[in-house]
Amino acid sequence: NCSVVDLNTHGTLCAGIIAAEDNEIGMTGVSPSAKIIPIRAVYSIGANTYYNHSWLIRALKKAISENVDIISCSWSINIERLPIYNTVLDSITTYGRNGKGIVVSFASGNKNESAVAFPSDHPNVLSIGAMTRNGQRAYYSNYGSSLDVVAPGDTIYTTYINNEYRMPSGTSFACPHVAGVVALMLSANPNLTREEVHELICRTAYKL
């Protein structure tokens, strides 16, 4: 019953990784029983994608108003590091979920840089890089001291528009893997705080 139309397919690709149901046709998401609230903050015309900061901030605030547990963000705005993003993310991760903190995962970026993209470097979010099927960091994946973990992000089979499937690559597709894992964690123990979720994920991750 959702009226959001995915104009550039990116959201559909990410959502399938998190929560695609097992229909015995394509693939199954990490947490197939999770509920997705799609919030479109950009629009596309042809090959061009457009956004402005007010749309992105409104999207984050909309997620809060919907009482979500997790926000998966496969986007970055590394050019303009506006303080408003830090303010909103501070509030989300501190006061969301009735004070337990909403868990926010951000893609680290695809420029093979030694620093993750903004706002993936915010201290209260999980910064997610991409790894290959061979267990190595994907060559394009940003890294650095603010990176928390890497997850599968290279040639990931997932849902696409028009009842199709695709195999995209990028940190955008590693990020929802971690969001799906967090959904499973909170389904097992909804009382976990944001800090506890971060600690468990980082402590139990295999060191490449």
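Residues numbered from 1 in each chain as written. Predicted model: local features only at pLDDT ≥ 70, side-chain atom pairs only at ≥ 80, totals over all residues. Heavy atoms only, no water.

1. Focus: the overall build of the protein chain
- In terms of helices and strands, the protein chain carries five helices and eight strands.
- Listing each helix as α and each strand as β along the protein chain from the N terminus yields α-β-β-α-β-α-β-β-β-β-β-α-α.
- In summary, the protein chain has a C-alpha radius of gyration of 16 Å against a globular reference of 17 Å for 208 residues, a match within 12%.
- In terms of overall dimensions, the protein chain has a C-alpha envelope of 40 × 40 × 35 Å along the principal axes.
- The burial tally for the protein chain puts 42% of its 208 residues in the buried class.
- Long-range contacts, defined here as pairs at least 24 residues apart, represent 59% of the contacts in the protein chain between residues at least 6 apart.
- Surface summary for the protein chain: the accessible area is close to 11,300 Å², and the carbon and sulfur share equals 50%.
- Each charge class in the protein chain was averaged separately, 15 positive and 16 negative side chains, and the resulting centres sit 4 Å apart. (Helix = DSSP H or I, 4+ residues; strand = E, 2+ residues; numbered from the N terminus. Rg over C-alpha atoms; globule rule 2.2 N^0.38 Å. Buried < 20%, exposed > 50% of the residue type's maximum accessible area, 1.4 Å probe, protein only. Contact = heavy atoms within 4.5 Å. Areas by Shrake-Rupley, 256 points an atom, 1.4 Å probe, with all protein chains shown as cover. Lys, Arg positive; Asp, Glu negative; His and termini not counted. Charge placed at Lys NZ, Arg CZ, Asp CG, Glu CD.)

2. Details of the sheet that holds strand 5 (residues 126-131)
- Overall, parallel pairing links the four strands, which are arranged 3-4-5-6 in an open sheet. The outermost strands of the open sheet, each flanked by one partner alone, are strand 3 (70-73) and strand 6 (149-152). Recorded for the sheet is a direction-independent mean angle of 30 degrees between the axes of neighbouring strands.
- Relative to strand 6, strand 5 is paired through four bridges, and the arrangement is parallel. Counted as the bridge partner of Ala130 is Ala151 from strand 6.
- Sheet contacts for helix 4 (residues 171-188): strand 3, strand 4 (103-107), strand 5 and strand 6; angle to strand 5, the most-contacted strand, approximately 120 degrees. (Pairing = 2+ DSSP bridges. Axes fitted to C-alpha atoms, helices over the stretch in contact; angles between N-to-C directions.)

3. Digging into the side chain of Ser120
- Tracing the chain through its elements places Ser120 in the loop between strand 4 and strand 5.
- When its relative accessible area of 1% is taken as the criterion, Ser120 is described as buried.
- Within polar-contact distance, the side chain of Ser120 engages the backbone oxygen of Ala107 at 3.5 Å.
- At 2.6 Å, the side chain of Ser120 forms a polar contact with the side chain of Ser127.
- With residues up to four places along the chain from it excluded, the contact list for Ser120 reads Phe106, Ala107, Ser108, Val125, Ser127 and Ile128. (Polar contact = N/O pair within 3.5 Å; in protein donor to acceptor, adjacent residues only side chain to side chain.)

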